[in-house]
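So the chains spell out like this:
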Amino acid sequence: MTGTGERAAVVTGAASGIGRAITERLRADGVRTLAVDRAAEPDDPDSLGVDLTTREGNRAAVQVALDRFGRLDIVVANAGFQHVAPIAEFDPDRWDELLKILLTSPFLLAHYGWKALSEAGTREQGGRFLAIASAHSLVASPFKAGYVSAKHGVLGLVRTLAVEGAEIGLSASALCPGYVRTPLVEAQIADQAKAHGLTEDRVLSEVILARQAVKRLLEPAEVADAAAFLLGPAGRGFTGAAVPMDYGWTAR
Ligand SMILES: NC(=O)c1ccc[n+]([C@@H]2O[C@H](COP(=O)([O-])OP(=O)(O)OC[C@H]3O[C@@H](n4cnc5c(N)ncnc54)[C@H](O)[C@@H]3O)[C@@H](O)[C@H]2O)c1
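So, here is what we can say about the structure in this document.

Rules and cut-offs
Residues numbered from 1 in each chain as written. Predicted model: local features only at pLDDT ≥ 70, side-chain atom pairs only at ≥ 80, totals over all residues. Heavy atoms only, no water. Helix = DSSP H or I, 4+ residues; strand = E, 2+ residues; numbered from the N terminus. Rg over C-alpha atoms; globule rule 2.2 N^0.38 Å. Contact = heavy atoms within 4.5 Å. Areas by Shrake-Rupley, 256 points an atom, 1.4 Å probe, with all protein chains shown as cover. Lys, Arg positive; Asp, Glu negative; His and termini not counted. Charge placed at Lys NZ, Arg CZ, Asp CG, Glu CD. Buried < 20%, exposed > 50% of the residue type's maximum accessible area, 1.4 Å probe, protein only. Salt bridge = Lys/Arg side-chain N within 4 Å of Asp/Glu carboxyl O. Right-handed = clockwise from strand over helix to strand, strands pointing away. Pairing = 2+ DSSP bridges. Core = buried A, V, L, I, M, F, W, Y, C linked by side-chain atoms within 4.5 Å.

## Brief notes about the overall build of the protein
Of regular secondary structure, the protein possesses seven helices and seven strands. Listing every helix and strand of the protein by position from the N terminus yields β-α-β-β-α-β-α-β-α-β-α-α-α-β. Taken over the C-alpha trace, the protein has a radius of gyration of 18 Å; the compact-globule value for 252 residues is 18 Å, and the two agree within 12%. Oriented by its inertia axes, the alpha-carbon framework of the protein measures out at about 55 × 35 × 35 Å. The contacts in the protein between residues at least 6 apart in sequence include a share of 69% that link residues at least 24 apart. A total of about 11300 Å² of accessible surface is found on the protein, and carbon and sulfur atoms cover 54% of it. Of the charged side chains in the protein, 26 are positive and 30 negative; the average position of the first set lies 4 Å away from that of the second.

## Thoughts on the side chain of Lys144
Its place among the elements puts Lys144 in the loop between strand E5 (127–132) and helix H4 (145–165). Lacking a salt bridge, the buried Lys144 has Asp191 as its closest oppositely charged neighbour, with an N-O distance of 11 Å. Every residue in contact with Lys144, bar those within four places of it in the chain, is listed here: Gln82, His83, Val84, Ala85, Phe90, His136, Tyr179 and Gln188.

## What to know about the pairing of strand E6 (residues 170–177)
The buried fraction of E6 amounts to eight of the eight residues, a majority that puts the element mostly inside the structure. Between E5 and its parallel partner E6, the chain crosses via H4, and the hand of that crossover is right-handed. Taken together, the four bridges between E6 and strand E7 (residues 242–245) define a ladder with parallel strand orientation. Its bridge partner lying in E7, Leu175 is registered against Val243.

## Section: the nonpolar core
Counting 43 residues, the largest nonpolar core has Val10, Leu34, Val36, Leu48, Leu72 and Phe129 as its most contacted members. Secondary-structure elements contributing two or more residues to this core are strand E1 (8–12), strand E2 (32–37), helix H2 (55–69), strand E4 (74–77), helix H3 (92–120), E5, H4 and E6. Setting aside chain neighbours within four positions, we find Leu48 in contact with Leu34, Ala35, Val36, Asp37, Ala40, Ala60, Ala61 and Val64. Ranked by size, the runner-up nonpolar core spans 24 residues in total, among them Ala35, Leu130, Leu218 and Leu230.

Written as structure tokens, this is what we have:
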């Protein structure tokens, strides 16, 4: 399609939701893609099971992609989870885990992948680093201290990668979605419906999507389309950018 046929990528959190959709989209576009998650997918020879809260897991993600594809052009740091609790009850161990997966893993992927990404920087489309950040990189919500802090932090990382990466032909950006219909959000809808004694439809429009101007969930494939654009030829100029895709959440 776009001259991306030989490129190679790592996508983390690829077994579900947004990461799965991005993996499918990149592969459909001809990008050889290592799908990284907690467990390898039995039917996918290009998948890797590692724990991305460890240094070894992130090092392995880069190394296995290089061993398999001989190059690494694209890193998509996407793996994550949510934990909801007021500050006084927020388990410090959950805080540590959130920072490890949402902030330290993207850093480690860039750290271990830097040499390979600088080699990609000499090729036509350059090296690309994309963090699947969040509207919560730009604004806060109550009870999400760990998530909001880590998602704000990853913007700082991406901006630093963009500035340092300019010399090696690397573009680094953050896609900041509003709510997306994935297991992470479906679990929150069910929990809140129970907690508030409301139907799931009412929870969606009155609680979950209260801050979005448009009361709709994004679909994972729509986020994957935006990621494919940012990782494609037209996306190269987006570096150091936080790109909101949030149905107007952060517009007010
Ligand atoms: N769903 C949304 O509304 C939404 C909105 C904005 C941003 N995001 C972000 O998008 C990303 C993906 O979210 P999703 O909704 O697709 O979630 P999801 O729960 O559907 O998928 C997340 C994946 O990450 C993997 N993962 C988590 N911890 C891991 C670890 N330690 N090691 C290896 N793999 C691990 C999980 O196994 C899972 O497959 C997250 O960073 C999330 O914060 C989601």
